[in-house]
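Coordinate analysis (summary)
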Amino acid sequence: MARMSPQQRREAIVAATVAVMERRGIAATTVRDVAAELGTSSGLIHHYVDSMDDLLAKAFAQAAGDDFERTRAAVESGADPIERLTLFFATYAPAEDDIGMQLWLDGWAEAARRPALQKTSRHLNVQWHALLAGIIRDGVAMGVMWCDDVDGAAWRILSLLDGLTLQVVAHGAVLSMAQVDAWSRAGAERELGLAPGALAGDGVGMTRDRAYP
């Protein structure tokens, strides 16, 4: 590695870990893989990280956190709750060649065995829920959405989105992302008392732009 400050080295290590995770999956990512990605020794990696669990959690937080920030920024540009919710779907739903949900699938699978990763994925999941619940809460307050349980509705909509998307990631041709997008929007419309087509979009995910094999 080129001469770097300690902080720069840590950032480079995390970035290399993200690259390896995307290529090999979280479970298969090792210190040796990360060192090879950086062209350095495993010893240097161990010098800068407390454990592989912590390193994977930091890398997952960076990759998944970037996705969240892009969606949050898009949502904040919406003029009203309906537009913000439409933007939420447009930026949350991944494209057919997306790796973001593959990382989430890996993260959820590994969370039970890796406490640091579990803590990170839980925190990010709560952030997604809070963003969606905030949109719904504003919509209810303005009288353009109808819902007796905002938090429950947000969890159900997220669960529908994630469950359908994971079918695409895990099982390929069973569903298309266009179907996932359309069904999820329709489910949210029913959940929130909106007219059919109120959240209609183009079905193209804009947030996660990395490709998985």
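All of these numbers come straight from a predicted model, not from anything done at the bench. (Residues numbered from 1 in each chain as written. Predicted model: local features only at pLDDT ≥ 70, side-chain atom pairs only at ≥ 80, totals over all residues. Heavy atoms only, no water.)

1. Digging into the packing of helix 7 (residues 115-142) against helix 8 (residues 150-171)
Where helix 7 meets helix 8, the closest approach of the two axes is 9 Å, and the angle between their N-to-C directions is 125 degrees. Between helix 7 and helix 8, the angle falls in the class oblique. Considering only the axes of helix 7 and helix 8, their crossing is right-handed. Facing Asn125, Trp128, His129, Leu132, Ala133, Ile136, Arg137 and Val140 of helix 7, the residues of helix 8 in contact are Val150, Asp151, Ala153, Ala154, Trp155, Ile157, Leu158 and Asp162. Its residues assigned to classes, the contact of helix 7 with helix 8 comprises 11 nonpolar, 2 polar and 3 charged. (Axes fitted to C-alpha atoms, helices over the stretch in contact; angles between N-to-C directions. Helix = DSSP H or I, 4+ residues; strand = E, 2+ residues; numbered from the N terminus. Parallel < 35°, antiparallel > 145°, perpendicular 65-115°, else oblique. Left-handed = near helix turned anticlockwise from the far one by under 90°. Contact = heavy atoms within 4.5 Å. Nonpolar A, V, L, I, M, F, W, Y, C, P; charged D, E, K, R; others polar.)

2. Looking at the pattern of salt bridges
Here the structure, examined in full by the defined rule, presents 11 salt bridges. Across the pair aspartate 151 and arginine 137 runs a salt bridge, and its minimum N-O distance is 3.2 Å. Of this pair, aspartate 151 sits in helix 8 while arginine 137 sits in helix 7, and the two are 14 residues apart along the sequence. Given a relative accessible area of 40%, arginine 137 falls into the partly exposed group. What emerges from the salt-bridge pattern is a single network uniting Glu69, Arg72 and Glu76. (Salt bridge = Lys/Arg side-chain N within 4 Å of Asp/Glu carboxyl O. Buried < 20%, exposed > 50% of the residue type's maximum accessible area, 1.4 Å probe, protein only.)

3. Here we look at the layout of surface pockets
By volume, the largest pocket is sized at about 150 Å³. Looking at the largest pocket, the residues that line it are Arg10, Glu11, Ile13, Val14, Tyr48, Val49, Asp50, Asp54, Leu55, Lys58 and Gln62. Broken down by secondary-structure element, the contributors of at least two residues to the lining of the largest pocket are helix 1 (6-24) and helix 4 (52-76). (1 Å grid on protein atoms, 1.4 Å probe; cavity = no way out; pocket = protein on both sides within 12 Å on 5 of 7 lines; lining within 4 Å. Points joined across faces, edges and corners; volume = space filled by probe spheres on them.)

4. What about the packing of aromatic side chains?
For the structure on display, the rule yields 5 aromatic pairs. Ring-pair connections join several aromatic residues into one group, and the members of that group are Phe68, Phe88, Phe89, Tyr92 and Trp128. (Phe/Tyr/Trp six-rings, centres within 6.5 Å; stacked < 30°, edge-to-face > 60°.)

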